[in-house]
Amino acid sequence: MNPRFGIASHKSLHDGIFRPWLSLFASTISRTVTGMDSESFSARFKELRDLVDTSLAELLEQQPWPDALRRAISYSLMAGGKRLRPALVLMGCQICGGNQKDALPAAHAVEMIHTYSLIHDDLPCMDDDDLRRGRPTSHRVFGDALATLAGDALQTLAFETLGNAPVGPAIAIDCVRILSSASGGPGMVGGQILDLEAERGAFPAGPEVGVNLQNSPRSGDSGRNSGLPSVETTVNGTLKPEDSRNPASTNDSFRVEQLIQIHKMKTGALMTAALELGSAVASATADERERLKKFGQNIGLAFQIADDLLDVTGSDERLGKETGRDNELGKLTYPSLIGIDASRQKAITLVDEACVALDIFDDRADVLRQLARFIVERDH
Ligand code: IPE
Ligand code: IPE
Ligand code: MG
Ligand code: MG
Ligand code: MG
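Predicted model, so just to flag it, every value in this text is computed and none were measured. Within every chain, residues take consecutive numbers counted from 1 along the sequence as written. Here the convention is simple: chains get letters from A, ligands get numbers from 1, in the order in which they are written. Whole-chain, interface and lining totals are the exception, using all residues; otherwise, since this is a predicted model, local features are given only for residues with pLDDT of at least 70 and side-chain atom pairs are given and counted only at 80 or more.

**A short note on helix α7 (residues 144-163)**
At step 1: A helix here means a DSSP run of H or I that spans at least four residues, while a strand means a run of E at least two residues long, and both kinds are numbered starting from the N terminus. Multiplying one less than the number of residues by 1.5 Å gives the expected span of a helix. With 20 residues, α7 should cover 28 Å at 1.5 Å per step; its first-to-last C-alpha distance of 29 Å lies within 8% of that length.
At step 2: Those residues of α7 not exposed but buried are A147, A150, G151, L154, Q155, L157, A158, T161 and L162. For α7, the arc enclosing every buried residue in end-on projection is 165°, short of the 170-degree limit, so these residues lie on one face. Residues of α7 that are exposed and angled more than 90 degrees away from the buried face: A145 and T156.
At step 3: Contacts are defined on C-beta atoms placed from the backbone: any two residues whose C-beta positions lie within 7 Å are in contact. Turning to α7, the residues buried within the fold contact α3 (67-77), α5 (100-121), α6 (138-142) and α8 (169-183). Think of it as a crowd count around each C-beta: if 20 or more other C-beta atoms lie within 10 Å the residue is buried, if 12 or fewer it is exposed, and in between it is partly exposed, with C-beta placed from the backbone throughout. What the arc describes is the spread of directions from the helix axis to the C-beta atoms.

**What about the confidence of the model for the chain?**
At step 1: Here the chain shows a mean pLDDT of 85. Residues at 70 or above account for 78%.
At step 2: A residue's pLDDT is the predictor's confidence in that residue, given on a scale from 0 to 100. This model gives residues 225-249 a pLDDT under 50, and the stretch forms 55 contacts once residues within four places in sequence are excluded.

**Let's talk about the site of ligand 2**
At step 1: Around ligand 2, the neighbouring residues are S117, L118, D121, D127, D129, M188, Q192, K266, T267, D307 and K321.
At step 2: If you list the elements that add at least two residues to the shell around ligand 2, you get α5, α9 (188-198) and α11 (252-281).
At step 3: Here the residues of the shell around ligand 2 are counted per class, giving two nonpolar, three polar and six charged. Being near a molecule or strand means, for a residue, that its C-beta atom, positioned from the backbone, comes within 6 Å of it. Nonpolar residues are Ala, Val, Leu, Ile, Met, Phe, Trp, Tyr, Cys and Pro. Charged residues are Asp, Glu, Lys and Arg, and all others, Gly as well, are polar.

**Some words on the nonpolar core**
At step 1: Core analysis: the largest hydrophobic core is formed by 89 residues, its most contacted members being A106, V110, L179, L277, A302 and V351.
At step 2: The leading source of residues in this core is α11, at twelve residues.
At step 3: Excluding residues that lie within four positions of it along the chain, L179 makes contacts with A109, V110, I113, A158, L162, A273 and L277. In plain words, the nonpolar core is the set of buried Ala, Val, Leu, Ile, Met, Phe, Trp, Tyr and Cys residues that C-beta atoms within 7 Å link up.

**Structural notes on the packing of α7 against α8**
At step 1: For every element, the axis is a line fit to its C-alpha atoms; helices are fit only across the contacting stretch, and the angle between N-to-C directions ranges from 0 to 180 degrees. Orientation of α7 relative to α8, taken along the N-to-C sense of each, is 160°, at an axis distance of 9 Å. The pairing of α7 with α8 is recorded here as roughly antiparallel in orientation. Handedness of the α7/α8 crossing: right-handed. Here A158, F159, L162 and G163 of α7 lie close against α8, whose contacting residues are A172, C175, V176 and L179. Should an angle lie under 35 degrees it is considered roughly parallel, over 145 roughly antiparallel, and from 65 to 115 roughly perpendicular; all remaining angles are considered oblique. Crossing handedness: left-handed means the near helix sits turned counterclockwise from the far one by under a right angle, and right-handed means the same turn made clockwise.

Listed below in structure tokens is the structure:
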């Protein structure tokens, strides 16, 4: 058995969610947070997480699936994720005056899409990871075929769940439109493609890149994207393409623009959708919807920057996934491109900007301000 699998239950990762790993964050972001203290926020977040966990487990029980599929889906979906995206749906709905119960199906749906994206992200043909949510990855336990199919079934269940939501056809259709766009080609899936292309400096893609996205298994990491130029990360964190076919790839500001596009699509789109879903279910005003969308776009990018930073500075045990993989795979990430300190500063600025968008909600939005703070202060 791989020694990396000997990790404590990921459930324990939720204990003490405020463990500021950067005093810089704590001092800067606190000014954007008003009435709600961190203990009240932690209690509210836990309450929402418990609600999502319990109701998701019930929903899985009702599915007429083959046993193998039930085991595989349950293994990944009930493995103790942070439930950040469903919490955003529920909080967004509540802040706009909606009923939490009406938003629960949308909260489930977004977590199903997220979990499917993680299962597929870990596959040998993608990031080829062994550990997720404190457990061996789905394909390591169930094999590539069942892991792929578990992701597929989670995706379709997400839309079935939205279709069954007690919100009336107009809102249900709006929700389907929001989630399908955010999770498909214009959003998560499109971003994942750009992320893979960007490995070893090959984004924007040349015409032959589609062929080169054939990856080999983990044991042969050197063979992943084998036709692409390799990338070294220097001490100050700047990427140095050794043999780039893309002349613009040496231009750092151009590459930052590429990176922002990747992060907004692969991660930001689904987080933004979570807030849009919450406001749609609440029949929010156009201004409220726009504000929450803007908040989601900023925290979505901040979240992925924090994820990139944690891959460099975090611990496998706290994160429940293996660190250092981005560098091993030659991923285009914030710390590798602009360095650790500038990445931290960028995340702080994004959270500040996110909170400005919430001003029309007054202290009703304090829970979201605290969540934004958690996103960049977290250690898991
Ligand atoms: C991890 O997301 C994948 C990214 C988009 C970076 P989370 O950090 O929210 O993962 P879970 O749901 O808590 O496992
Ligand atoms: C994944 O980004 C984004 C998804 C759409 C799943 P990463 O590849 O950085 O996520 P982790 O670090 O494996 O969780
Ligand atoms: Mg990935
Ligand atoms: Mg990954
Ligand atoms: Mg990552």
